[in-house]
Each structure stands twice: as structure tokens, then as C-alpha cells.
Amino acid sequence: MENNGKCYMCKKFIRYYTRGRIQFNRTKYGWCGEKRCSVNSMESCCKFKYRVRTKKSREALQLYLSNLLTEIGAIKMLLEEERDENV
């Protein structure tokens, strides 16, 4: 049974990128983990499996960064106290 899903939507497809002046640019090609070779992103095959997209919450990222900044601040205070004691 032939599945008509395109490679760019496949779980096993890893797209190639080229380096631009400001950002990385997507190419029309990528690596197929099933065939173990380079393929065009618009090809299809019978081993196609849909890629599951997960939502990454912006709030979760902000919370994580906030926690990191709090930890860095605490470490900074400890280092300053130790420096003041040694002087």
C-alpha cells in the first residue's frame, strides 16, 4: 500500500540547511533515515510516518529562563560574599 505523504512531513526526514549571511536557509533536500540516503523533500515512499508536532509553550521557556537567572543571581551573591571575606 503506497502512502502519499511527502518526505518533508515524515518522522524520519532531516532537512539540510545552508548557511546564509544572517540565518540558515532551508534546502529542497534532506536525509532519509529509512532509505539512508539524500532525498528531495517533495518525494514520497511507502515507509512514510507522520511527524508528531509538539507545542512548546512560551510561558514554559520564560519560567525556565527566570529560574536560571535566579540561580545565577544566588551564585553571584555567594561569590561576592566570599570575595569580601577574603579582602
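Higher on the page you've got the structure.
This structure is a prediction, so every number in the text was calculated from the model and none was measured.

A. View of the overall build of the protein chain. Along the backbone of the protein chain there are one helix and three strands. Beginning at the N terminus, the succession of helices and strands in the protein chain can be written as β-β-β-α. Over its C-alpha atoms the protein chain spans a radius of gyration of 23 Å, topping by over 25% the 12 Å that the globule rule assigns to 87 residues. When burial is assessed residue by residue, the protein chain has 14% of its 87 residues classed as buried. Restricting the contact set of the protein chain to residue pairs at least 6 apart, pairs at least 24 apart contribute 46%. When the accessible surface of the protein chain is split by element, carbon and sulfur atoms take 55% of a total near 8200 Å². Of the side-chain charges in the protein chain, 19 are positive and 10 negative, and the distance between the mean point of each set is 21 Å.

Basis of the calculations
- Residues numbered from 1 in each chain as written.
- Predicted model: local features only at pLDDT ≥ 70, side-chain atom pairs only at ≥ 80, totals over all residues.
- Heavy atoms only, no water.
- Helix = DSSP H or I, 4+ residues; strand = E, 2+ residues; numbered from the N terminus.
- Rg over C-alpha atoms; globule rule 2.2 N^0.38 Å.
- Buried < 20%, exposed > 50% of the residue type's maximum accessible area, 1.4 Å probe, protein only.
- Contact = heavy atoms within 4.5 Å.
- Areas by Shrake-Rupley, 256 points an atom, 1.4 Å probe, with all protein chains shown as cover.
- Lys, Arg positive; Asp, Glu negative; His and termini not counted.
- Charge placed at Lys NZ, Arg CZ, Asp CG, Glu CD.

Nothing here speaks to function; it is geometry throughout.
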